[in-house]
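In case you want the letters, here they are:
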Amino acid sequence: MDYRIVDVDESNRDRYCVCFEEWSDEMKEAGDRKCRWYETMKDRGLGVKLAEDGDGTLSGLIQYVPAEYAPLTDGNYYFIYCIWVHGYKKGIGDRRGRGMGQALLKAAEEDILRRGAEGIAAWGLSLPFWMKASWYRKQGYRTVQKDGIRRLLWKPLKEDAEPPRWYSHRKLGLNPPEGKVTVTSVVNGICPVSNLANVRAASVSSEWGPDVIFREIDSTDPDILREWGADNSLYINNREIVLGPPLGKKKIRRAIARELKIAGRK
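Residues numbered from 1 in each chain as written. Predicted model: local features only at pLDDT ≥ 70, side-chain atom pairs only at ≥ 80, totals over all residues. Heavy atoms only, no water.

*Asks:* Which parts of the structure should I look at to understand the overall build of the chain?
*Replies:* Assigned secondary structure in the chain consists of eight helices and eleven strands. A globule of 266 residues ought to have a C-alpha radius of gyration of about 18 Å, and the chain, at 19 Å, matches this closely. Dimensions of the chain along its principal axes, counting C-alpha atoms only, are 60 × 45 × 35 Å. Among the 266 residues that make up the chain, the fraction classed as buried is 51%. Across the chain, every contact between residues at least 6 apart in sequence was considered, and the portion connecting residues at least 24 apart equals 66%. Total accessible area computed for the chain in this model is approximately 13000 Å², and 49% of it derives from carbon and sulfur atoms. (Helix = DSSP H or I, 4+ residues; strand = E, 2+ residues; numbered from the N terminus. Rg over C-alpha atoms; globule rule 2.2 N^0.38 Å. Buried < 20%, exposed > 50% of the residue type's maximum accessible area, 1.4 Å probe, protein only. Contact = heavy atoms within 4.5 Å. Areas by Shrake-Rupley, 256 points an atom, 1.4 Å probe, with all protein chains shown as cover.)

*Asks:* Explain the pairing of strand 9 (residues 212-218) to me, please; I cannot follow it from the model alone.
*Replies:* Sheet faces and side chains relate simply in a regular strand, where the side chains alternate between the two faces. Relative to strand 9, strand 8 (residues 181-187) is paired through seven bridges, and the arrangement is parallel. Among the inter-strand pairings, Thr-184 is bridged to a residue of strand 9, identified as Arg-215. Considered for its hand, the β-α-β crossover made up of strand 8, helix 6 (residues 192-205) and strand 9 is right-handed. (Pairing = 2+ DSSP bridges. Right-handed = clockwise from strand over helix to strand, strands pointing away.)

*Asks:* Help me out: how do you make sense of the confidence of the model for the chain in this one?
*Replies:* Low pLDDT marks stretches whose predicted atomic positions should not be read closely. Averaged over every residue, the pLDDT of the chain is 93; residues scoring 70 or more account for 99%. Across the chain, the element-wise mean pLDDT spans from 93 in strand 11 (residues 239-241) up to 97 in helix 6. (pLDDT = per-residue confidence, 0-100.)

*Asks:* Teacher, can you tell me more about the environment of Pro-163 here?
*Replies:* Mapped onto the elements, Pro-163 comes out in the loop between strand 7 (150-156) and strand 8. In the structure, Pro-163 is positioned 87 residues away from Asn-76 in sequence and 9.7 Å away in space, judged by C-alpha atoms. Contact partners of Pro-163, with chain neighbours within four places excluded, come to Arg-142, Val-144 and Trp-154.

*Asks:* When you look at the sheet that holds strand 5 (residues 119-125) in this model, what are you seeing that I'm missing?
*Replies:* Hydrogen bonds along the backbone pair up the strands of a sheet, which may run parallel or antiparallel. With respect to topology, seven strands assemble into an open sheet ordered 1-2-3-4-5-7-6, the strand pairing being mixed. Each end of this open sheet is capped by a strand with a single partner; those strands are strand 1 (3-7) and strand 6 (142-147). The sheet shows a mean angle of 25 degrees between the axes of neighbouring strands, direction not considered. By the bridge criterion, seven bridges tie strand 3 (residues 58-66) to strand 4 (residues 77-85) in an arrangement that is antiparallel. Each residue of the ladder has a partner; that of Pro-66, found in strand 4, is Tyr-78. (Axes fitted to C-alpha atoms, helices over the stretch in contact; angles between N-to-C directions.)

*Asks:* What's the story with a positive patch on the surface in this structure? I'm lost.
*Replies:* Taken together, the side chains of Lys-250, Lys-251, Arg-254 and Arg-258 make up a positively charged region of the molecular surface. Examined against the element boundaries, Lys-250 turns out to sit in helix 8 (residues 249-262). The exposure class of Lys-250 is exposed, given its relative accessible area of 60%. (Patch = residues over 30% accessible without salt bridge, like charges linked within 9 Å, V, L, I, M, F, W, Y side chains within 5 Å. Salt bridge = Lys/Arg side-chain N within 4 Å of Asp/Glu carboxyl O. Lys, Arg positive; Asp, Glu negative; His and termini not counted. Charge placed at Lys NZ, Arg CZ, Asp CG, Glu CD.)

As structure tokens, then:
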């Protein structure tokens, strides 16, 4: 094995905050929100493990939070937000295919077990690209809930541990005053893709002046998270907009224009 698993610290925090993609203009556009999220969460039970290649290059990460900060029902478990191994040709190049993801998951599971949790939840997709649910199943997780292409996966650490569920209630975007459109961004900061959508939604909203009201909802607050039933979402009026792949301004602009037309504004 030509890599090792290390903790995040002051020496590698900045690279972690951009997911090792210093070369990416989109990362720069997303701003420093992930770093601010890390500073908020590091004393709230956040766990982060990084994979460092034999040449000292950081190439992979896993991040996980206690149940109260997860977009799921309560319990004594941890939620894995993502496992990421750099797979682009740019920057440090493709570092996948060497078992780095498995090593990160094993390190996280050992850490979560030491913390006294009863189980581990994760999410994946049924389609064969990023965050594949099938990969988790190969690591001993089982699917406990389906929502479109999303899968909620679970690995008990105690025999009688009950798996969580996604929130059955999701609050929609805030209703605008008559003749206006409200753009509501629910964001916690963990994911650059969501942070980028938030920045772009705020920018596009400003193009219409007072006809479009932009509101940002900080879901790092567990009460807010439970009120909305979502950690990272974008709503234009009561229509949810898919965040990934990275949401472009053109799509946001079209969605706002549609709602303005419905509202009777040009």
